[in-house]
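The chain contents come next:
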Amino acid sequence: MNKHTWLEEAKNRIEKLPQGKVFEVKELFNGIEWNELNAKEKQSFGRFFSSAYNDGKLNNIERVENVNKGANRYRKL
């Protein structure tokens, strides 16, 4: 898995989402793509995506408060 390639693909898919859509990273990829990753890869990419967001590399989304523990959720601006 190349995290940088996946991040670019995630950016492309975020562009296609309607404004205001709330999503988790895994929802950007179809089930087959995401399910081919093992748990460690999924977790690693989730952290990589979150770091990219924190570093300002994903400026068309905002993080949404989670009501329960789990994956970060984001909203397209």
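Before any of the text, the structure's been laid out above.
Residues numbered from 1 in each chain as written. Predicted model: local features only at pLDDT ≥ 70, side-chain atom pairs only at ≥ 80, totals over all residues. Heavy atoms only, no water.

Q: So what exactly am I meant to see when it comes to the sheet that holds strand E2 (residues 61-64) here?
A: Across a sheet, paired strands are connected by hydrogen bonds in the backbone, their directions being either parallel or antiparallel. Pairing within the open sheet is antiparallel, and its 3 strands lie in the order E1-E3-E2. Unpaired on one side and paired on the other, strand E1 (22-24) and E2 mark the two borders of the sheet. Put simply, the sheet's adjacent strands are angled 40° from each other on average, direction ignored. Of the pairings in the sheet, the one linking E1 to strand E3 (residues 73-76) comprises 3 bridges and is antiparallel in character. Following the sheet pairing, valine 22 is matched in E3 by arginine 75. Contacts between helix H3 (residues 39-54) and the sheet are confined to E1, E2 and E3, with E2 contributing the most and set at about 115° to the helix. (Pairing = 2+ DSSP bridges. Helix = DSSP H or I, 4+ residues; strand = E, 2+ residues; numbered from the N terminus. Axes fitted to C-alpha atoms, helices over the stretch in contact; angles between N-to-C directions. Contact = heavy atoms within 4.5 Å.)

Q: Sorry if this is basic, but what is going on with the nonpolar core here?
A: Soluble globular proteins tend to bury their nonpolar side chains together. Among the nonpolar cores identified, the biggest contains 18 residues, and Phe23, Leu28, Phe29, Phe45, Phe49 and Ile61 are the most heavily contacted of them. Breaking this core down by element, the ones donating at least two residues are helix H1 (3-15) and H3. Beyond its immediate sequence surroundings of up to four residues, leucine 28 is in contact with Ala10, Arg13, Ile14, Leu17, Phe23 and Phe49. (Core = buried A, V, L, I, M, F, W, Y, C linked by side-chain atoms within 4.5 Å. Buried < 20%, exposed > 50% of the residue type's maximum accessible area, 1.4 Å probe, protein only.)

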